[in-house]
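What follows is each chain in one-letter form.
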Amino acid sequence: MAAKPKLWYFHGRGRMESIRWLLAAAGVEFEEEFLETREQYEKLQKDGRLLFGQVPLVEIDGMELTQTRAILSYLAAKYNLHGKDPKETVRIDMYADGTLELMLMVALAAFKPPEEKEESLALVLKKAKTRYFPVFEKILKDHGEDFLVGNKFSWADIQLLEAILTVEELDASVLSDFPLLKEFKTRISNIPTIKKFLQPGSQRKPPPDSHYVEVVRNVLQF
């Protein structure tokens, strides 16, 4: 029996959360090792396990993978969530990259002073409403299918649902002008593996709080 993937990161969302989402959506059980001290992080570096000195780190299939985008691409391909041909794959990559940009803005805002954080999150909402969500609303309208690419569940769908739920934490009414995205959210949230991940007690992480920020600052020393 193959070993479960093992994820090395902080006990919070950050750059690992999309990886958790993808594994959960694929129905894959995984283990987590949480970084809580500078010593843990330095040992990973000393042992040569962090290619560029950064986490996330994912142990899977006898490999130690770093760099979030590369990890996500590998997992999407491995679990048949990356399209049936290069044309579908590149569309999935484009859509996923767009939502990753939006979520990175949210993740980075947690580390800013209160006033700057408020401004950053307001900008996230503005960009979601004027740049990102209108694009996906149009994609769904033009495509006319249940999913973003082809007519099959993919990494792009997972990533978009994660982005929608993340932005809704800032403004619950953010989808009020996007009826197709509302339907998409309900549809994808009811896929059994996703539905399970959205239940209390899953390995989904809550929004970053002051304790998470303090741990990350202490471990990475910034």
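Residues numbered from 1 in each chain as written. Predicted model: local features only at pLDDT ≥ 70, side-chain atom pairs only at ≥ 80, totals over all residues. Heavy atoms only, no water.

A.B. asks: Account for the layout of surface pockets, naming residues and giving values.
C.D. replies: Looking at the largest pocket, its volume works out to about 930 Å³. In terms of lining, the largest pocket is formed by 39 residues, of which the most central are Tyr9, Gly14, Arg15, Leu104 and Ala107. Counting residues per element, the ones that place at least two in the lining of the largest pocket are helix H1 (17–25), helix H3 (68–78), helix H4 (86–109), helix H5 (114–143), helix H6 (155–168) and helix H9 (210–220). Ranked by residue count, the leading element in the lining of the largest pocket is H4, at nine residues. Looking at the lining of the largest pocket, its residues break down into 23 nonpolar, seven polar and nine charged. Along the wall of the second largest pocket there are 14 residues; nearest its centre are Ala24, Val28, Glu29, Lys196 and Gln203. Among the elements that line the lining of the second largest pocket, the one with the most residues is helix H8 (residues 192–197), at three residues. Looking at side-chain class alone, the lining of the second largest pocket contains five nonpolar, six polar and three charged residues. (1 Å grid on protein atoms, 1.4 Å probe; cavity = no way out; pocket = protein on both sides within 12 Å on 5 of 7 lines; lining within 4 Å. Points joined across faces, edges and corners; volume = space filled by probe spheres on them. Helix = DSSP H or I, 4+ residues; strand = E, 2+ residues; numbered from the N terminus. Nonpolar A, V, L, I, M, F, W, Y, C, P; charged D, E, K, R; others polar.)

A.B. asks: Report on the packing of aromatic side chains, specifying residues and quantitative values.
C.D. replies: This model, assessed by the stated rule, comprises six aromatic pairs. Aromatic pair Tyr9 and Phe10: ring centres 5.1 Å apart, planes at 70 degrees, arrangement edge-to-face. An identical accessibility class is assigned to Tyr9 and Phe10; each is buried. Seen from their ring centres, Trp21 and Phe197 are 5.3 Å apart, and the 75 degrees between their planes marks the pair as edge-to-face. In this pair, Trp21 is assigned in helix H1 and Phe197 in helix H8, connecting sequence segments 176 residues apart. Each of the two residues, Trp21 as well as Phe197, counts as buried. Over the face of the ring belonging to Trp8 we find Arg49, whose NZ or CZ atom lies 4.8 Å from the ring centre. (Phe/Tyr/Trp six-rings, centres within 6.5 Å; stacked < 30°, edge-to-face > 60°. Buried < 20%, exposed > 50% of the residue type's maximum accessible area, 1.4 Å probe, protein only. Lys NZ or Arg CZ within 6 Å of the ring centre and 35° of its normal.)

A.B. asks: Give me the lowdown on the pattern of salt bridges, citing residues and values where you can.
C.D. replies: A side chain of one charge can pair with a side chain of the opposite charge if their charged atoms are brought near each other. Applying the stated criterion across every chain yields a total of 20 salt bridges. Put simply, Arg49 and Glu64 hold a salt bridge, and the shortest N to O gap is 2.8 Å. Of this pair, Arg49 sits in the loop between helix H2 (38–46) and strand E3 (57–60) while Glu64 sits in strand E4 (residues 63–66), placing them 15 residues apart in sequence. What makes Arg49 buried here is its relative accessible area of 18%. Classification of Glu64 as partly exposed rests on a relative accessible area of 40%. Among the salt bridges present, the one from Lys84 reaches Glu88, with a minimum N-O distance of 2.7 Å. The class for Lys84 is exposed, based on a relative accessible area of 67%. On the accessibility criterion, Glu88 (14% relative accessible area) is buried. (Salt bridge = Lys/Arg side-chain N within 4 Å of Asp/Glu carboxyl O.)

A.B. asks: Tell me what's going on with the packing of H4 against H5, and back it up with residues and numbers.
C.D. replies: For any two helices packed against each other, the geometry comes down to the angle between their axes and how far apart the axes lie. One way to put it is that H4 packs onto H5 with a least axis distance of 9 Å and a crossing angle of 165 degrees. Judged on the interaxial angle alone, H5 and H4 are roughly antiparallel. Crossing handedness for the pair H4 and H5: left-handed. Between H4, through Tyr95, Gly98, Thr99, Glu101, Leu102, Met105, Val106 and Ala109, and H5, the contact on the second element is made entirely by Lys117, Ser120, Leu121, Leu123, Val124, Lys127, Ala128, Tyr132, Phe133, Phe136 and Ile139. Per-class residue counts for the contact of H4 with H5 are 13 nonpolar, three polar and three charged. (Axes fitted to C-alpha atoms, helices over the stretch in contact; angles between N-to-C directions. Parallel < 35°, antiparallel > 145°, perpendicular 65-115°, else oblique. Left-handed = near helix turned anticlockwise from the far one by under 90°. Contact = heavy atoms within 4.5 Å.)

A.B. asks: Report on the environment of Glu118, specifying residues and quantitative values.
C.D. replies: As for its placement among the helices and strands, Glu118 is situated in helix H5. The exposure class assigned to Glu118 is exposed, which follows from its relative accessible area of 62%. Spatially, the C-alpha atoms of Glu118 and Leu180 are 29 Å apart, while their sequence positions differ by 62 residues.

A.B. asks: Account for the UniProt feature "domain: GST C-terminal" (unreviewed entry) in the protein, with residues named and values stated.
C.D. replies: UniProt records the feature "domain: GST C-terminal" (unreviewed entry) for residues 85–208 in the present numbering. A helix fraction of 69% and a strand fraction of 0% characterise residues 85–208, whose end C-alpha atoms lie 37 Å from each other. (UniProt positions renumbered as here; feature names shortened; annotations may be inferred.)

A.B. asks: Provide a residue-level description of the sheet that holds strand E1 (residues 6–9), including the pertinent values.
C.D. replies: Spatial strand order, E2-E1-E3-E4: four strands in an open sheet with mixed pairing. The sheet is open, and its two borders are formed by strand E2 (31–34) and E4, each paired with just one other strand. When strand polarity is set aside, the average angle formed by the axes of neighbouring strands in this sheet is 20 degrees. Pairing analysis gives four bridges linking E3 to E4, with the strands arranged antiparallel. (Pairing = 2+ DSSP bridges.)

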